[in-house]
Amino acid sequence: MGAAMRRIHVGNALGAFGLGFTVPFLYVYVAQVRGLGSMTASVVLAVFAVAALVVLPFAGRAIVRRGPLPVLLVALVTAALGALSLGLADSATTVVLSAAALGAGQAVMQPSLATMIVDCSSADTRSRAFATQFFLQNLGLGVGGLIGGHIVDPDRASSFTLLFAIESAMFLVLVVIMATVRMPHAPRITGDTPQSRGGGWKQLLGNRAMVQLSVLGFVLFFACYGQFESGLSAYGVEAAGISTSALGTAMAANTAMIVVAQFAVLKFVERRKRSRVIAAVGLIWAVAWLAAGYAGLGHGSRTMATAAFVSTYALFGLGEAMLSPTVAPLVADLAPSGMAGQYNSAFALVKQLALAIGPAVGGPMGASLHGPYIATFLLFSLGITVLAVRLGRQLTPVQNQPSLARSRVVAQGGAPAEPVPANA
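Only a predicted model underlies this, so the values are computations on that prediction, with no experimental measurement involved. (Residues numbered from 1 in each chain as written. Predicted model: local features only at pLDDT ≥ 70, side-chain atom pairs only at ≥ 80, totals over all residues. Heavy atoms only, no water.)

So, the overall build of the protein
A tally of helices and strands in the protein yields 18 helices and zero strands. Over its C-alpha atoms the protein spans a radius of gyration of 21 Å, differing by no more than 12% from the 22 Å that the globule rule assigns to 424 residues. Taking all 424 residues of the protein together, 53% fall into the buried category. Look at the contacts in the protein between residues 6 or more apart in sequence, and 85% of them connect residues 24 or more apart. Of the roughly 17300 Å² of accessible surface on the protein, a fraction of 67% belongs to carbon and sulfur atoms. For the protein, the separation between the mean place of its 26 positive charges and that of its 13 negative charges on side chains is 12 Å. (Helix = DSSP H or I, 4+ residues; strand = E, 2+ residues; numbered from the N terminus. Rg over C-alpha atoms; globule rule 2.2 N^0.38 Å. Buried < 20%, exposed > 50% of the residue type's maximum accessible area, 1.4 Å probe, protein only. Contact = heavy atoms within 4.5 Å. Areas by Shrake-Rupley, 256 points an atom, 1.4 Å probe, with all protein chains shown as cover. Lys, Arg positive; Asp, Glu negative; His and termini not counted. Charge placed at Lys NZ, Arg CZ, Asp CG, Glu CD.)

This is the structure:
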């Protein structure tokens, strides 16, 4: 791992740490500590998703034209200002505007860091680099939430101000660290080119493999990440009678599975076709939804229901560990030279859209329509397998299994105009 990649991974860890440091406590802070009510708190949470959807289409173009590092530095400063002002805000307007700045900054950080990983890696090292990124992100989220939970006191607004001030300082420290990164030369698209006038999006939409991967990505994020803290938790409490402590244990089991399994599954994943790995994840998540169905709809004991529910989150974690070295590198390999930023931003946009729609659909279903909820997302998981197999037919042999070749073109993320079909 070179010096640039080490700094990028530090950036991923610190960014996730800041996110885990404050986001779990936003609702309590806005609704109770600042006394602005549950409606304003809900609006603030929604603003994070809306801000991401607004800025990500422009972030891709900026990364392509200016490079990922300058865009990342602007995003970090924006997030730092948003976090600090959020800790000092005492009205609905300032809280919402601060949340928008923080959400926009954090959203742009994702494709910027991903593009930096692409520029600093090769086809041989890219899967491991993205696996390390995912590992550090989950570690940062967990550690951030743990420390933040010991700092905050609902009876003292100053404790929340301190929390957001520390998050802001963390982003500024990250600015200093990332400013020292020396990026290798990578192709950039400058000037009044078709790509800079919007042709990049037209080119992306004309890439059938990328379009299919985006559809698959939406289903992945909608059926898994979009349900963690909304529909699945509501289902666990209402249908399975899961206690809040057991719910916390389930979330911990998810993180623990990722931390333990990430590098254990990496060698297995690197030797397999990407489409088959993603298809296997769909089957694993189908089993997870069956376990959740048993927890809430079965007739076992409370202990058995709790164990089944915790295993659901653990199985989701196993699938996530398999996806991290698979999906993100595939996005990079599908991008033509110089367009990795555009493709990463587009995929991040798909992710944010799924994370915005997922809770809106899954939350009410999980709370009241228990049987249909499980059946719906069981079918979505099986749909992941079907979509992955279809995607495999659109990929070249090397895109589907990078270990087959070590060509410089693939290492730079290039994709031929007319892919040669390969078996899924």
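Brief notes about the pattern of salt bridges
The tally for this structure, following the rule as stated, stands at three salt bridges. Aspartate 333 is paired through a salt bridge with arginine 126; the nearest N and O atoms lie 2.8 Å apart. Separated by 207 residues along the polypeptide, aspartate 333 in helix α14 (residues 327-334) and arginine 126 in helix α6 (residues 126-151) bring together distant segments of the chain. For arginine 126, a relative accessible area of 2% gives the class buried. For aspartate 153, the salt bridge goes to arginine 156, with nearest N and O atoms at 3.5 Å. Judged by relative accessible area, aspartate 153 falls into the partly exposed class, the value being 25%. Residue arginine 156 is classed as partly exposed on the basis of its relative accessible area of 40%. (Salt bridge = Lys/Arg side-chain N within 4 Å of Asp/Glu carboxyl O.)

A closer look at helix α16 (residues 370-392)
Helix length check: α16, at 23 residues, gives a terminal C-alpha distance of 34 Å against a target of 33 Å (1.5 Å per residue), a fit within 8%. Among the residues of α16, Tyr373, Ile374, Phe377, Ser381, Ile384, Thr385, Ala388, Leu391 and Gly392 are the ones counted as buried. The elements touched by buried residues of α16 are α9 (208-223), α10 (231-238), α12 (274-297), α14, α15 (340-368) and α17 (397-400). (Expected span 1.5 Å × (residues − 1).)

What about a positive patch on the surface?
A cluster of basic residues, Arg128, Lys267, Arg271 and Arg272, forms a positive patch at the surface. By the secondary structure assignment, arginine 272 is in the loop between α11 (244-270) and α12. (Patch = residues over 30% accessible without salt bridge, like charges linked within 9 Å, V, L, I, M, F, W, Y side chains within 5 Å.)

Focus on the packing of helix α3 (residues 37-66) against α15
Orientation of α3 relative to α15, taken along the N-to-C sense of each, is 175°, at an axis distance of 8 Å. Judged by the angle between their axes, α3 and α15 are roughly antiparallel. When α3 is examined against α15, the residues Ala49, Ala52, Leu53, Leu56, Pro57, Ala59, Gly60, Arg61, Ile63 and Val64 are found in contact with a partner set consisting of Gly341, Gln342, Ser345, Ala348, Leu349, Gln352, Leu353 and Ala356. In terms of residue class, the contact of α3 with α15 is built from 12 nonpolar, five polar and one charged. (Axes fitted to C-alpha atoms, helices over the stretch in contact; angles between N-to-C directions. Parallel < 35°, antiparallel > 145°, perpendicular 65-115°, else oblique. Nonpolar A, V, L, I, M, F, W, Y, C, P; charged D, E, K, R; others polar.)

A look at the side chain of asparagine 400
Here asparagine 400 shows up in helix α17. The exposure class of asparagine 400 is buried, given its relative accessible area of 1%. A distance of 3.0 Å separates a polar atom in the side chain of asparagine 400 from the backbone nitrogen of serine 275. (Polar contact = N/O pair within 3.5 Å; in protein donor to acceptor, adjacent residues only side chain to side chain.)

Describing the environment of glycine 231
On the secondary structure map, glycine 231 appears in helix α10. Take glycine 231: its relative accessible area is 0%, and that puts it in the buried class. Considered as a pair, glycine 231 and glycine 358 are 127 residues apart in the sequence and their alpha carbons are 8.2 Å apart. When near neighbours in sequence (up to four residues on either side) are disregarded, glycine 231 contacts Gly362, Gly363, Gly366 and Tyr373.

Some thoughts on the packing of aromatic side chains
All told, the structure shown has 16 aromatic pairs when counted by the stated rule. Taken together, Phe218, Phe222, Tyr235, Trp285, Trp289, Phe316, Tyr373, Phe377 and Phe380 form an aromatic cluster joined through their ring pairs. (Phe/Tyr/Trp six-rings, centres within 6.5 Å; stacked < 30°, edge-to-face > 60°.)

Some thoughts on a nonpolar patch on the surface
On the surface, a nonpolar cluster with roughly 310 Å² of combined accessible area is contributed by Leu139, Val143, Leu146 and Ile147. Inspection of the secondary structure assignment puts leucine 139 in helix α6. Under the relative-accessibility criterion, leucine 139 is labelled partly exposed at 37%.

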